[in-house]
Every structure is written in C-alpha cells, then in structure tokens.
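One-letter residues, chain by chain:
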Amino acid sequence: MTKPSAFKLSLTATLSAALFATLLPATPAAAAAPAPVSIQVQAPALSVDASVQIAAKKIQRNPAKDDVFVNKKYPLSPKKYAPKTVAIQGSNVRLRSSAAKAYNKMAKAAAKDGVKIRAVSGYRSYNRQAELFNYYTRIYGKSYASRISAVPGTSEHQTGLAIDVGNANGACGLQACFANTPVGKWVGKNAHKYGFIMRYQKGQESVTGYSYEPWHFRYLGTSLAKSVKNSGAKSLEAYYGVSGKKSDSAPKNSKGTAQTTANLNMRTGAGTGNRVLLTIPRGKSVQLTGSKKSGWYQVRYSSRTGWVSGKYLSSISMPSKPKKESKKSTPKQNTSNAKSAKTSANLNMRTGVGTSHRVVLTIPQGKKVAIRGAKKSGWYPVKYAGKNGWVSGTYLRSFSSSTYSPKSSDPKSSSSASKKTIANLNMRSGAGTSKRVILTIPKGKKVSIRGAKKSGWYPVKYAGKNGWVSGKYLR
Ligand SMILES: [Zn+2]
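Residues numbered from 1 in each chain as written. Predicted model: local features only at pLDDT ≥ 70, side-chain atom pairs only at ≥ 80, totals over all residues. Heavy atoms only, no water.

Caption draft 1: Region of the structure containing the coordination of the zinc ion. The protein atoms donating to the zinc ion are His 157 (NE2), Asp 164 (OD), Asp 164 (OD) and His 216 (ND1), with metal-donor distances spanning 2.1 to 2.8 Å. With four donor atoms in place around the zinc ion and angles of 51 to 151° between them, the coordination shape is irregular. Mapping the donors of the zinc ion onto the primary sequence gives the spacing H-x6-D-x51-H. Taken together, the positions of Asp 164 in strand 6 (residues 162-167) and His 216 in strand 8 (residues 213-219) put the pair 52 residues apart, joining distant regions of the chain. We note that Asp 164, like His 216, is buried. (Donors = N, O, S within 2.8 Å, 3.2 Å for Na, K, Ca; no water. Tetrahedral: all angles 85-135°; square planar, octahedral: opposite > 155°, others 65-115°. Helix = DSSP H or I, 4+ residues; strand = E, 2+ residues; numbered from the N terminus. Buried < 20%, exposed > 50% of the residue type's maximum accessible area, 1.4 Å probe, protein only.)

In structure tokens, the structure reads:
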C-alpha cells in the first residue's frame, strides 16, 4: 500500500485506542445500587419464531442478576451501572465472578478437547463503550454504528456477563468466519452447558438489532441457558417474545401525513431553541410519527426524524394507511455521483480503512460494488449486498463512471464536480448570506457543483434543487 497520509495515521491511532480499550482490563468499580425491577410480560404470539413455547416469561431488569435482559430497547438501569468484576484465568479480561467462574470451567473443558479458547473482550464500562460507539458514529453515522456497536448503556458487555472469544492464533477474529474455526465450532456446540448462549445468531438482525456475531457469548446461568437453547429460540428476544430493535425506523409509528406550507425547519426538538436538522421545502409531504408537543409535530422527511412547527403544516390527516410517498419523492442525491467497480478477488469489506478493522463481509470475486465516496489511503468506501464498508483498492478494477443504481436520473454529473458539506449548510437563492434560504443541506452530504465559484460561493445542486452555498463548508 502507499505511504499512509497524516489523516490515516490519526484514524489508525484513534481506532487502536478504541480497540485497545476493549482489551485492557477494566478497573473494577463499586457496584451501583441496582434497581430491583422486573417486568412481567405476556409473551404475544409473535411471528419471530413460531416454534418457541408461548408462556408468560419474566424479563429480569435488575442489573445485579445473572439473567438481566439488556438490548437496544431495554437499556441498563441505572444507565452507568458498573458491576464488580474479576479477571478470568490467565487473562486481563474481566467478568462478573459468576460468569468468570463459568468461563474458566468452559475453557478448561475445551482445552481437554484440544481447543484453546482466547478471551478477547469482557466487561466494558459505560465510558469505554461510549468511546467505541462515538468512534464508529464518527466514521459511519449513527445508524450503521448501532448495527455493529452498542449505544452506551445498552451493551451486554457493560453487565460483565458477556464475553467475545477467539482462537489462540487469532484466526477469523471478530469475523463471521470465526464460526467455522475450532474454537467457534466448539463454543457453538458446548457453551450452553456452562451457562452461555451465542447472543447474536445468523439472520436474526431484525430481531436482535445486531448483525451476526458468532464470537459474542452471554452468561445467563446454566438453567436459563439450557432452557433458551432447548426452546429452539434463535435469540433471547425470541425467547421472551420481545423486540430488540428500536422502533424509530418502524413505519408502524406513522400516524399520517401533512403538507408543508412554507420552507420549514426541521429541528431536533419541539421549539425554535433546538438545532435545525434540515429545511423541508414548501409543499412537501411529511410523515407524522404521532408525537405532538406544544404545537410542534414530530415528523419524518428525507429519512430523518425531527420536529416542525404545526403552524406551517396543512392537511394534517391521520389515515390508517400512511402514504409512503414522502420518502420516495425525495431525490437521492447520492446515487447521481455513485460509481462502481468490480472485485478482482474474494475481498474483505471492513469497518474502516486498513486491515486492522473488523471484516463486515467478504465480497466474492467478480462482483460489482457501488463506490460511496472518495478514496482514502488506497481504500474505497463501498456498498455491497446492502452493507457499507471499506475495501482495498488493490483488488478493484473495471472502474466505471456509470452509476451502480439503474434508477439514477442524473447521469451527467461527474464526481470531479462534487463536494461534501462539512456542516449543516444553507443553500441560498444567490451568492451571499442576504439571499433567501432554499433548504439546509445536512452535514456530510455530497452536492454537485454546477458552475464557477463566485466570491467564495458555489452554485450547487442538492436534492433536486439548485442554489448557492458558501465554499467555506465544502470539501
Ligand atoms: Zn461482544
């Protein structure tokens, strides 16, 4: 690979720090007073897994208990809960003593079978998880970050009851192929006997909210672990009949639609004191989530959720079947600049630039991938099979300037004529802040440049609209 740029170095340093943080022993903190709460749920006849026995099961919310249930919808309470932990045998990785004891027993049994388990990561404090999550969010944005990493306060690692395991030689570390390694096979078959379950199984992302992690094991105690295993449930969520996904992306929240009667700022909260996310052009249809506060409505527009003043909404209707148009009517500004290439080998797509990043998936040789943005230290941000990640440019060829998506409506714009916004940026009707705001382009979006710069301002096109933006906030 070419000489790394300063940018890459700083990225690598951040990542190493974050990853290293997961490997370092955690300082045991005094256990916070646990909230002795438990909720009785009537398990509904969910379509999640019909084979699961349907019975009312108690969901443990007390974080001090070994069977505490934690996911994106059921965060730890208190949020910064910190258990007492001990180091497992021959390692710096820490777990709660019950889980550590069980792990030591399991590792010994595996060793007897000639399989050497390596503990990769155990207890992570709230603050450590925050570091990790913020790192991924900076790189990918929140939505993708939350598929591969937990929002602080929702990680099972914070309970001291979850452990990521690997092979002594590091083979397929934290990758899907770990499942086919000696340790992966052994723990997949035997972990439940020691009170652990594989928490995020293949194909369960829509239920658990996490992609496949054959290395992540959760201690539940032997009787519950066996019960989960024997039930046939593919996740704890299925076992309890609850969801692990936050509902914010679910369309079932929509209560109806409304139309904007002016260029309307969508804000992070109800009231003009909140930050502007974007400006919705006049006459657009927005989806109502059903939440209303002091005359403000929570709406969805252009795949973002925020609050707008009800004064500038008309035809507020609450049909039983909300229109899905608002999303579709928004031009996809990114596809117009998307390019594609072909893989010249079976190629690992990773979470970041460089081989130290986790593998998301392996793209087979000869497949077409969409290129999402600019090259960085020889790596490309790509999309393949619905996943985003980075691949080494060494194994890409047949670069094509034709769009990957056949739906593109703007084949003329070339990537050289595009720039990225580095802040939420007002697009105006002319060059200068005295001109009318047409809309606000969110930070990190690509805009196409339509012509020559004028007094530091660029004529651009974004979301199907033409206007001017200050060059100060373009890269
Ligand atoms: Zn894990």
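Caption draft 2: Local environment of the environment of Thr 362. Inspection of the secondary structure puts Thr 362 in strand 18 (residues 359-363). In this structure Thr 362 comes out as partly exposed when scored by relative accessible area, which is 45%. Taking the C-alpha atoms as reference, Thr 362 lies 9.9 Å from Gln 175; in sequence the two are 187 residues apart. With near-sequence residues (within four places) excluded, Thr 362 lies in contact with Asn 346, Leu 347 and Asn 348. (Contact = heavy atoms within 4.5 Å.)

Caption draft 3: Region of interest: the packing of aromatic side chains. Going through the model one piece at a time under the given rule, you end up with nine aromatic pairs. Each ring, one from Tyr 136 and one from Tyr 140, has its centre 6.4 Å from the other, and the planes form 20°; the classification is stacked. Of the two residues, Tyr 136 and Tyr 140 are both situated in helix 3 (residues 126-140); the distance of four residues between them amounts to about one turn of the helix. The exposure class of Tyr 136 is buried, given its relative accessible area of 8%. On the basis of relative accessible area, Tyr 140 is assigned to the buried category, the value being 15%. When the ring of Tyr 239 is compared with that of Tyr 240, the centres are 5.3 Å apart and the planes differ by 75°; the resulting orientation is edge-to-face. Each member of the aromatic cluster is reached from another via a ring pair, and the members are Phe 69, Tyr 74, Tyr 239 and Tyr 240. (Phe/Tyr/Trp six-rings, centres within 6.5 Å; stacked < 30°, edge-to-face > 60°.)

Caption draft 4: Looking closely at the pairing of strand 8. Counted residue by residue, strand 8 has seven buried out of seven residues, so it is predominantly covered. Examined bridge by bridge, strand 6 and strand 8 share three bridges and lie antiparallel to one another. Bridged to Ile 163 within strand 8 is Phe 217. (Pairing = 2+ DSSP bridges.)

Caption draft 5: Just unusual backbone geometry, in detail. Omega for the peptide link from Ser 77 to Pro 78 comes to 0°, which places this bond in the cis form. Here Pro 78 shows up in the loop between strand 2 (57-60) and strand 3 (86-87). Unusually for a residue other than glycine, Ser 377 sits at a positive phi of about 50°. The residue Ser 377 is located in the loop between strand 19 (368-371) and strand 20 (379-384) in this model. Within the chain, Ser 455 stands out as a residue other than glycine whose phi angle is a positive 45°. Along the chain, Ser 455 turns up in the loop between strand 26 (446-449) and strand 27 (457-462). Taking relative accessible area as the criterion, Ser 455 reaches 70% and is therefore assigned exposed.

Caption draft 6: Representation of the pairing of strand 7 (residues 196-200). Among the five residues in strand 7, five count as buried, and that is most of the element. The sheet contact formed by strand 7 and strand 8 spans four bridges and is antiparallel. From the neighbouring strand, Met 198 faces strand 8, where its bridge partner is Phe 217.

Caption draft 7: Seen up close, the environment of Arg 275. Considering the arrangement of structural elements, one finds Arg 275 in the loop between strand 10 (264-267) and strand 11 (276-280). Counting along the chain gives ten residues from Arg 275 to Asn 265, while the straight-line C-alpha distance between them is 9.3 Å. Here Arg 275 is in contact with Met 266, Arg 267, Thr 268 and Asn 424, once residues within four sequence places are set aside.

Caption draft 8: Structural context of helix 7 (residues 222-231). By the burial criterion, the buried members of helix 7 are Leu 224, Ala 225, Val 228 and Ser 231. Within helix 7, the buried residues cover an arc of 135° as seen down the axis, which keeps them to one side. Residues of helix 7 that are exposed and angled more than 90 degrees away from the buried face: Ser 223 and Asn 230. The inward-facing, buried residues of helix 7 contact strand 7 and helix 8 (236-240). Positioned one or two residues after helix 7, Gly 232 has a phi angle of 85°, which is positive. (Arc of directions from axis to C-beta.)

Caption draft 9: Representation of the sheet that holds strand 8 in the model. Read from one edge of the open sheet, four strands run 5-6-8-7, paired in antiparallel fashion. A strand with exactly one partner marks an edge of an open sheet, and here the two such strands are strand 5 (117-121) and strand 7. The mean angle between the axes of side-by-side strands here comes to 45°, regardless of whether they run parallel or antiparallel. In the packing of helix 2 (residues 97-112) onto the sheet, contacts are made with strand 5, strand 6, strand 7 and strand 8, and the angle to strand 5 comes to roughly 150°. Against the sheet, helix 5 (residues 182-190) engages strand 5, strand 6, strand 7 and strand 8, with an angle of about 140° to strand 6. (Axes fitted to C-alpha atoms, helices over the stretch in contact; angles between N-to-C directions.)

Caption draft 10: How the structure looks around the pattern of salt bridges. Taken as a whole and assessed by the stated rule, the structure comprises six salt bridges. For Glu 156, the salt bridge identified is with Arg 218, shortest N-O distance 3.1 Å. You can see Glu 156 sitting in the loop between helix 4 (142-148) and strand 6 and its partner Arg 218 sitting in strand 8, a full 62 residues away along the chain. Of the two residues, Glu 156 and Arg 218, neither departs from the other in class, the shared state being buried. The salt bridge partner of Glu 205 is Lys 387, with a shortest N-O separation of 3.7 Å. Here Glu 205, found in helix 6 (residues 205-208), pairs with Lys 387, found in strand 21 (residues 387-392); they are 182 residues apart in sequence, far enough to count as distant. (Salt bridge = Lys/Arg side-chain N within 4 Å of Asp/Glu carboxyl O.)

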